[in-house]
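# Understanding the architecture of this molecule
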Amino acid sequence: MTKLFIAQVRDARGQKPLVTVRAEAEGEARLFLTAAYPDAEIVAIAEPSDWTSDADTGTRAGDVREHPGVAWQMPSSLAG
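The following refers to the structure shown. (Residues numbered from 1 in each chain as written. Predicted model: local features only at pLDDT ≥ 70, side-chain atom pairs only at ≥ 80, totals over all residues. Heavy atoms only, no water.)

With that out of the way, let us pick up the overall build of the protein. Helix and strand counts for the protein come out as one helix and five strands. Going from N to C terminus, the protein has its helices and strands arranged as β-β-β-α-β-β. Counting over 80 residues, the protein shows a buried share of 38%. Restricting to contacts in the protein with at least 6 residues of sequence separation, those with at least 24 account for 64%. Carbon and sulfur atoms make up 49% of the accessible area of the protein, which totals about 5000 Å². (Helix = DSSP H or I, 4+ residues; strand = E, 2+ residues; numbered from the N terminus. Buried < 20%, exposed > 50% of the residue type's maximum accessible area, 1.4 Å probe, protein only. Contact = heavy atoms within 4.5 Å. Areas by Shrake-Rupley, 256 points an atom, 1.4 Å probe, with all protein chains shown as cover.)

Next up, the structure:
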């Protein structure tokens, strides 16, 4: 079963909007993101805990989605 991960991605043009990816584990999520953004830096990946969205975040492993207008913010359970 896949979980939802959120990611902070930065390329030569700057910060991308919030990116979500479906994967079974964080390592797999990183692989999917690296494949989707080969020239970008994957700055951070986190499980969003209770984050919810009305945007389509996909359902299958490897679903990578950008969410324009939504900026990365570390989940509050991990902030510190």
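Turning our attention to the side chain of His67. Looking at the secondary structure, you find His67 in strand β5 (residues 64–67). Assessed through its relative accessible area of 5%, His67 is described here as buried. Polar side-chain contacts of His67 include one of 2.8 Å to the side chain of Thr20. (Polar contact = N/O pair within 3.5 Å; in protein donor to acceptor, adjacent residues only side chain to side chain.)

Following the criterion strictly, the structure yields six salt bridges and no others. Across the pair Arg65 and Asp63 runs a salt bridge whose closest N-O atoms are separated by 3.8 Å. For Arg65, a relative accessible area of 25% translates into the label partly exposed. Asp63 sits in the buried class, given a relative accessible area of 16%. Residues joined by salt bridges that share partners form a network here, namely Asp11, Arg13, Lys16 and Glu66. (Salt bridge = Lys/Arg side-chain N within 4 Å of Asp/Glu carboxyl O.)

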